[in-house]
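What follows is the residue order along each chain.
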Amino acid sequence: MTPGIESLAPSFDLAIVGGGITGAGIFAEALRTGARVLLVEQGDFASGTSAWSSKLVHGGLRYLKEGQWRLTLESVRERQRLLADAPGLVETQPFLMPLYRGAKPGRGVMRAGLAVYDLMAGRRASRWVPRDELLRLEPGLRRENLLGAMAYEDARTDDTRLVLRQILEGSAAGGTALNYTRAELRQDGGRVCGLRLRDVETGAERDIDAGMVINAAGCWAGGLPGAPAGAPLLRPLRGSHFVFPAARLPLARAVSWLHPRDRRPVFAYPWEGAVLLGTTDLDHEGALDRPGMSTAESAYLIEALDAQFPTLGLKANDAISVYAGVRPVVASGDGDPSAASRESALWSSPGLVGITGGKLTTFRVTARQALVEAARQLPKLAPAQDAPVFPAPAGGGSQRLKGRLGAAVVARIAREFPREAMQGIGGTPFTWAELRWAARAERVRHLDDLLLRRTRLGLLLPRGGEALLERIGAVCREELGWDEPRWQSERAAWLEHWQAQHAPR
């Protein structure tokens, strides 16, 4: 049963505003202290920046170039930790960076940078790949003046599942989490003392008390109603991506290269049975909730793709889908967006801690920093001793599913939906059992929750899965109790949303 405002306890030790990766990390870490914790999100969990990242858990080679040694070291260490703590959800991603005669970076510079990268990780993973071997590995690469490539390793993930697993497992462990719930800060004598909550769909309202509140609303952090001054000025930066069918962009590993126009790094790599191409990095103007890919960004990414894979002749309309997200980067001037620091920013006032910025890879460090600051006012929130992000997976079954859902859920799915557990959906890695479980148990309110975040079918199936919507609708009727008018409304809203936000352009 999905919890609602009316069933909330009257008070909590900690209330977190924001259900993205930072809020989810704080939620999980705070529950380890034994505190009573509430998390609220104005939209769906992970529906902001955390759904639309590049899906890479990486150290950030370019941070070395910018001289951000501490951030790089922290990121590399967290990448290695997540690879150990979240098998099946965070996985090693081999990269190749082709190098060309007369073009920077040269082989010596790359060798030196990757040697530092390996040293930070405590293992050697980089090597030189000669031209002939490289073309056997990736025959579609541009061949003119090709010398070879540097091979190295980073990691990939499904960003929404990284968020959802922490929130759902935290809820099962005694925390409380609500999506589609707006929050306004309440104050008493100049101190933040709790939240006024409103369900965005039913309009139901409720006041709750909290010993501390943490504002982890990301790009929306500066606009939290009732907040005292102190939030840093943000520079929202948009990153856009294509999702191509693997048959049209056949890659066995990730390829990274520099855009011929401005020498910004771009990449393409296998993800969830498709291939992801990204990313742009430019100042975003306008509403934060629907940051679509522009035609200029589309042309920019296709130009990069054509420069590195000229024989493929790929066009925008060869893609399955597109997506864009806005990064909450702390403003530090009007320079090159790609050079802007991805460090997090922390601020506080009586009863309140705010945290924003940061990056997907370092969410756990960011969460613990926020709790350390909160503990200055409420000592019981001091982070517990370091522990694995997730418990070690046990038993048999799919490593991928155990990583995404947790071993206990995978065992339930195998028992309850044995037939559907064997049925894939439209050539994607997802099964009908995953879809049914998500509808039944993962706080789904709308069809886009199910198709964009609980699964990624809306990005992986042609036209957002339009050809399969009737069978998906049957699952929604059974598990969510939607009648025919509700289903038709959700179906129409989903197709309109997909066309506006995710159709290739």
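The preceding data block contains the structure.
From a predicted model like this one, the values you see are computed outputs, not experimental measurements.

**Q** What exactly am I supposed to notice about helix α10 (residues 407-416) here?
**A** An α-helical turn contains 3.6 residues, so any two residues separated by three or four positions project in the same direction. Within α10, the full set of buried residues consists of Val409, Val410 and Ile413. Down the axis, α10 shows its buried residues gathered within 100° of arc, on one side only. Projecting away from the buried face of α10 at angles above 90 degrees are the exposed residues Ala408 and Arg415.

**Q** Looking at this structure, I do not really get the packing of aromatic side chains. What am I missing?
**A** The geometry of an aromatic ring pair comes down to the distance between the two centres and the angle between the two planes. Taken as a whole and judged by the stated rule, the model has six aromatic pairs. Consider the rings of Phe95 and Tyr152, whose centres lie 5.2 Å apart with planes at 15°: the pair is stacked. Residue Phe95 is located in strand β4 (residues 90-100), and its partner Tyr152 is located in strand β6 (residues 146-157); the two are separated by 57 residues in the primary sequence. For the pair shown, Phe95 and Tyr152 are each scored as buried. The interplanar angle of 80° and the centroid separation of 5.7 Å between the aromatic rings of Trp257 and Phe309 together place this pair among those described as edge-to-face. On the criterion of sequence distance, the pair formed by Trp257 in strand β12 (residues 254-258) and Phe309 in the loop between α7 (295-308) and β16 (321-330) is long-range, its members being 52 residues apart. Note on accessibility: Trp257 and Phe309 belong to one class, buried. By way of ring pairs, the aromatic residues Phe95, Tyr117 and Tyr152 are connected into one cluster. Taking NZ or CZ as reference, Arg400 lies 4.7 Å from the ring centre of Phe430, over its face. Sitting over the face of the ring of Trp432, Arg471 holds its NZ or CZ atom 4.0 Å from the ring centroid.

**Q** I would appreciate a short explanation of the packing of helix α12 (residues 447-454) against helix α15 (residues 484-501) in the present structure.
**A** How two helices pack is summed up by the angle between their axes together with the distance between the axes. Relative orientation of the contacting elements α12 and α15 amounts to 45°, with a least axis distance of 8 Å. Taken together, α12 and α15 sit at an angle that is classed as oblique. Along the contact surface, α12 presents Leu447, Asp448, Leu451 and Leu452, while α15 presents Trp487, Glu490, Arg491, Trp494 and His497. Along the lines of polarity and charge, the residues of the contact of α12 with α15 split into five nonpolar, one polar and three charged.

So, how was this worked out
Residues numbered from 1 in each chain as written. Predicted model: local features only at pLDDT ≥ 70, side-chain atom pairs only at ≥ 80, totals over all residues. Heavy atoms only, no water. Buried < 20%, exposed > 50% of the residue type's maximum accessible area, 1.4 Å probe, protein only. Helix = DSSP H or I, 4+ residues; strand = E, 2+ residues; numbered from the N terminus. Arc of directions from axis to C-beta. Phe/Tyr/Trp six-rings, centres within 6.5 Å; stacked < 30°, edge-to-face > 60°. Lys NZ or Arg CZ within 6 Å of the ring centre and 35° of its normal. Axes fitted to C-alpha atoms, helices over the stretch in contact; angles between N-to-C directions. Parallel < 35°, antiparallel > 145°, perpendicular 65-115°, else oblique. Contact = heavy atoms within 4.5 Å. Nonpolar A, V, L, I, M, F, W, Y, C, P; charged D, E, K, R; others polar.

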